[in-house]
Amino acid sequence: MSGGRLYDTIGATYTVTRRTEPRIAGQIWAALGDARTVLNVGAGTGSYEPADRYVLAVEPSALMRSQRLPGGAPCLAGSAENLPFDDKSFDAAMAVCTVHHWQDPIAGLREMRRVAHRVVVFLSTRATRASSG
């Protein structure tokens, strides 16, 4: 089952059962450095999107997109494997607890590198810290 379809099934209570972990958020935001434009791929409800910079989100699940907070970053329907942006459109691209849901993680990571100038931030369900590269 693709990540979008999975979260259309299991994501109904996401905003009630999931909260932003401040320590994880701090590591992600530090890894983003001075990036002013950020693409959040597989963004879900936007829990880890920094409020102090321009963020554009991409999320395949309609249910997850519907749970985003009003006034949050704009969010497009789409998948990591086919990002609809020009090369180097963003200072940074980030993916938080999402890569394991992608149909083709390698293609998604390549797309993130294609559209981001410098930093890509990842955090998987198995990771304990954010990394940049």
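Criteria and cut-off values
Counting of residues starts from 1 at the beginning of each chain's written sequence and follows it residue by residue. With pLDDT at 70 or above as the cut-off, local features in this predicted model cover only qualifying residues; side-chain atom pairs require 80 or more to be listed or tallied, and sums for whole chains, interfaces and linings still use all residues. Note that water and hydrogens are dropped before the side-chain values are worked out from all heavy atoms of the structure. Take the buried Ala, Val, Leu, Ile, Met, Phe, Trp, Tyr and Cys residues and link them wherever side-chain atoms come within 4.5 Å; each set so joined is a nonpolar core. Relative accessibility decides the category of a residue: with a 1.4 Å probe and only protein chains considered, values under 20% of the type maximum give buried, values over 50% give exposed, and everything between is partly exposed. Where helices and strands are cited, they refer to DSSP runs of H or I of at least four residues and of E of at least two residues respectively, numbered from the N terminus. Here a residue-residue contact requires only that any non-hydrogen atoms of the pair lie within 4.5 Å. An arc is given here, and it is the one of the directions from the helix axis to the C-beta atoms. Side-chain rings of Phe, Tyr and Trp, where Trp is taken by its six-membered ring, are said to pair if the distance between their centres is within 6.5 Å; with planes under 30 degrees apart they count as stacked, over 60 as edge-to-face, and otherwise as tilted. One speaks of a salt bridge when a side-chain nitrogen belonging to Lys or Arg is within 4 Å of a carboxyl oxygen belonging to Asp or Glu. The term polar contact refers here to a pair of N or O atoms within 3.5 Å; inside protein, the definition further demands a hydrogen-donor-capable atom paired with an acceptor-capable atom, and it admits residues adjacent in sequence only when both atoms are side-chain atoms.

Here we come to the nonpolar core. Within the largest apolar cluster, 15 residues are counted, with the highest numbers of intra-cluster contacts made by Leu39, Val41, Leu83, Phe85 and Met112. Where this core is concerned, the elements lending two or more residues are strand S1 (37-41), strand S2 (54-59), strand S4 (90-96), helix H5 (105-115) and strand S5 (116-123). Counting residues per element, this core draws most heavily on S4, which supplies three residues. In this structure, leucine 83 is in contact with Leu39, Val41, Val58, Glu111, Met112, Arg114 and Val115, ignoring residues within four places of it in sequence.

What follows covers H5. Looking only at H5, the buried set comprises Gly108, Glu111, Met112 and Val115. The buried residues of H5 occupy an angular sector of 100° when the element is viewed end-on, so they sit on one face.

Before going further, it helps to spend a moment on the packing of aromatic side chains. Inspection of every chain in the model, using the stated rule, returns one aromatic pair. Ring geometry for phenylalanine 85 and phenylalanine 90: centres 5.1 Å apart, planes at 90°, overall edge-to-face. A relative accessible area of 14% places phenylalanine 85 in the buried class. Take phenylalanine 90: its relative accessible area is 5%, and that puts it in the buried class.

Quick look at the pattern of salt bridges now. According to the stated counting rule, one finds six salt bridges in the structure shown. Glutamate 21 is the partner of arginine 23 in a salt bridge, and the nearest nitrogen-oxygen pair spans 2.8 Å. Judged by relative accessible area, which is 65%, arginine 23 ranks as exposed. Residue class for glutamate 21 comes out partly exposed when judged on its relative accessible area of 25%.

Along the polypeptide, threonine 98 turns up in the loop between S4 and H5. The exposure class assigned to threonine 98 is buried, which follows from its relative accessible area of 7%. For threonine 98, the side chain forms a polar contact with the side chain of tryptophan 102, separated by 3.0 Å.

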